[in-house]
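Descriptive structure summary
Chain residues, written in single-letter form:
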Amino acid sequence: MAREGERFKIKGYSPTTQTGDRSSPGLTGRPWLSIWFNCCSAYARIYRNAAGTMYEGRCPRCGGRVRALVGPNGATRRVFETE
Ligand SMILES: [Zn+2]
């Protein structure tokens, strides 16, 4: 079991390889990534933070934290999974 506040890495995620949807910030709401949490076999969305630098969220079941850098090309609507 993961401990409260444990931080996960996202498998295969790299901000430099994000293709981006090039939508303008603020027009389509907060960008998000869909994350499959292998720790608990659960899906959740993580949302871009207020500063626009990271996607941040938590596993809905164990509360483990996950973060992902925002790439230079903006948000993508892709599904990732934790390691
Ligand atoms: Zn979990």
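Just so you know, these numbers come straight off a predicted model, no measurement behind them. (Residues numbered from 1 in each chain as written. Predicted model: local features only at pLDDT ≥ 70, side-chain atom pairs only at ≥ 80, totals over all residues.)

Examining unusual backbone geometry
Its identity is not glycine, yet Ser-41 carries a phi of approximately 55 degrees, on the positive side. Examined against the element boundaries, Ser-41 turns out to sit in the loop between strand 3 (32–37) and strand 4 (42–48). With 8 C-beta atoms packed within 10 Å, Ser-41 lands in the exposed category. (Helix = DSSP H or I, 4+ residues; strand = E, 2+ residues; numbered from the N terminus. Buried ≥ 20, exposed ≤ 12 C-beta atoms within 10 Å, placed from the backbone.)

Some points on the pairing of strand 3
Burial along strand 3 is one-sided: Leu-33, Ile-35 and Phe-37 are buried, while Trp-32, Ser-34 and Trp-36, pointing the other way, are not. Relative to strand 4, strand 3 runs antiparallel, the two sharing six bridges. Of the residues in strand 4, the one forming a bridge with Trp-36 is Tyr-43. Hairpin remark: strand 3 followed by strand 4, antiparallel, with four residues in the connecting loop; positive phi at Ser-41, about 55 degrees. With three bridges connecting them, strand 3 and strand 7 (residues 79–82) associate as parallel partners. Each bridged residue has a counterpart across the sheet, and for Ile-35 the counterpart in strand 7 is Phe-80. (Pairing = 2+ DSSP bridges.)

Comments concerning the pairing of strand 5 (residues 54–58)
Burial along strand 5 is one-sided: the face carrying Tyr-55 and Gly-57 is buried and the face carrying Met-54, Glu-56 and Arg-58 is not. The turn linking strand 4 back onto strand 5 is made up of five residues, and Gly-52 within it adopts a positive phi angle of 75 degrees. Note that strand 5 and strand 6 (residues 65–69) share five bridges and pair antiparallel. Of the residues in strand 6, the one forming a bridge with Gly-57 is Val-66.

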